[in-house]
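The residues making up each chain are set out below.
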Amino acid sequence: MAVSRLPPAALSLKQFLQRQKVLGVYRDLLRSIRKIPIESDRRYLRDWAREEFKRNKSETDQDVIRMMITQAHNHLEDLRRSLALARC
Amino acid sequence: MRSDCLVHCGSGLRNMAARIIARCVRSLNHPSVYFNRINTSATLTAAPLTHGRTFSYLTNGHKSPLAQISSSSFQVLQWRQYGDLPPLTLETIHDRVLYVLKLYDKISPEKLQATSHFMKDLGLDSLDQVEIIMAMEDEFGFEIPDAEAEKLMTPQEIVQYIADKKDVYE
């Protein structure tokens, strides 16, 4: 009897939260890439990040998405540590 | 003979006064203060001052001719050199936002309007929207937090947000 007033394409809460996580990690990744001193490396990594995220855009399995978010976080931490080392 | 001597003294005084004034102006010609130098009028105004005067005029000091002249013929342009950007207006923010969007490769410049929605009209997705907001952060030099960044979906909203953050009123 409970008619859902949401459009059929709306995400569930879990999916919505995951989407926010993905966008958050993408944004953090882009912000860290911005700090890279060499222009060509910066461009390369920006294109790489774009490609990776676009390629897996259509993934719908929540577990796979969670795994990919973890991978992205690992990449982000590696990048941050390398930048911190490179600066001193 | 005497009158010739006096006339000669008068022109000599005029030249001297002009030279003194020029020297004063040059010493005051600091990077921060620019005088609109009108040398001819300086000599013209100097001429009636020195015509027929005695030496006692010059002994009064250099201040009086300069004071007379600065009140009449010089325009003081105060130009302070602080290290800041030119002030933002709604017009310039709008132009810069549209310029950055035109440079983005996924947007065709013909379809771009101030009210075109990124997802509905221009067919971009949320990753592109993140990139666009990043580009805006780079352009305007300040960070936009995540919660507010994901709500900006048209160029007009971006302009409005930046104007709010930067206190730009029209």
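As named in an unreviewed UniProt entry, chain B is Acyl carrier protein, taken from Cyprinus carpio. The UniProt entry for chain B carries this comment under Sequence similarities (unreviewed entry): "Belongs to the acyl carrier protein (ACP) family." In UniProt, chain B has this text filed under Subcellular location (unreviewed entry): "Mitochondrion".

The name that an unreviewed UniProt entry assigns to chain A is LYR motif-containing protein 2, with the source organism given as Cyprinus carpio. The record held by UniProt for chain A lists under Sequence similarities (unreviewed entry) the comment "Belongs to the complex I LYR family." Listed under Subcellular location (unreviewed entry) in UniProt, the entry text for chain A is "Mitochondrion".

Along its length, chain B carries eight helices and two strands. In chain B, the order of α-helices and β-strands from amino to carboxyl end is α-β-α-α-α-β-α-α-α-α. Once local pairs closer than 6 in sequence are excluded, the contacts in chain B between residues at least 24 apart make up 67%. Accessible area of chain B: about 11,100 Å², with a carbon and sulfur share of 57%.

Ile93, Val97, Leu101, Ile107, Ile132, Met136 and Ile158 of chain B are the most contacted members of the largest nonpolar core, which totals 25 residues. Taken together, the elements giving at least two residues each to this core come down to α5 (90-103), α6 (126-140) and α8 (155-165) of chain B. Val25, Tyr26 and Ala72 of chain A together with Met134 of chain B belong to the second largest nonpolar core, which has 16 residues in total.

This brings us to the interface of chain A and chain B. Residue-level contacts link 13 residues of chain A with 18 residues of chain B. With both sides pooled, the region where chain A packs onto chain B buries about 1,500 Å², and carbon together with sulfur makes up 45% of that total. Viewed at the interface, chain B and chain A are joined by 10 salt bridges. Summed over the shared surface of chain A and chain B, the number is 14 residue pairs in polar contact (both at pLDDT 80 or more). Elements that contribute at least two residues to the side of chain A that touches chain B include exactly α1 (13-34) and α2 (39-55) of chain A. Counting residues per element, the side of chain A that touches chain B draws most heavily on α1 of chain A, at nine residues. Here the residues of the side of chain A that touches chain B are counted per class, giving four nonpolar, two polar and seven charged.

Conventions used here
- Residues numbered from 1 in each chain as written.
- Chains lettered and ligands numbered in written order.
- Predicted model: local features only at pLDDT ≥ 70, side-chain atom pairs only at ≥ 80, totals over all residues.
- Heavy atoms only, no water.
- UniProt positions renumbered as here; feature names shortened; annotations may be inferred.
- Helix = DSSP H or I, 4+ residues; strand = E, 2+ residues; numbered from the N terminus.
- Contact = heavy atoms within 4.5 Å.
- Areas by Shrake-Rupley, 256 points an atom, 1.4 Å probe, with all protein chains shown as cover.
- Core = buried A, V, L, I, M, F, W, Y, C linked by side-chain atoms within 4.5 Å.
- Buried < 20%, exposed > 50% of the residue type's maximum accessible area, 1.4 Å probe, protein only.
- Buried area = accessible area lost by both parts, 1.4 Å probe.
- Salt bridge = Lys/Arg side-chain N within 4 Å of Asp/Glu carboxyl O.
- Polar contact = N/O pair within 3.5 Å; in protein donor to acceptor, adjacent residues only side chain to side chain.
- Nonpolar A, V, L, I, M, F, W, Y, C, P; charged D, E, K, R; others polar.

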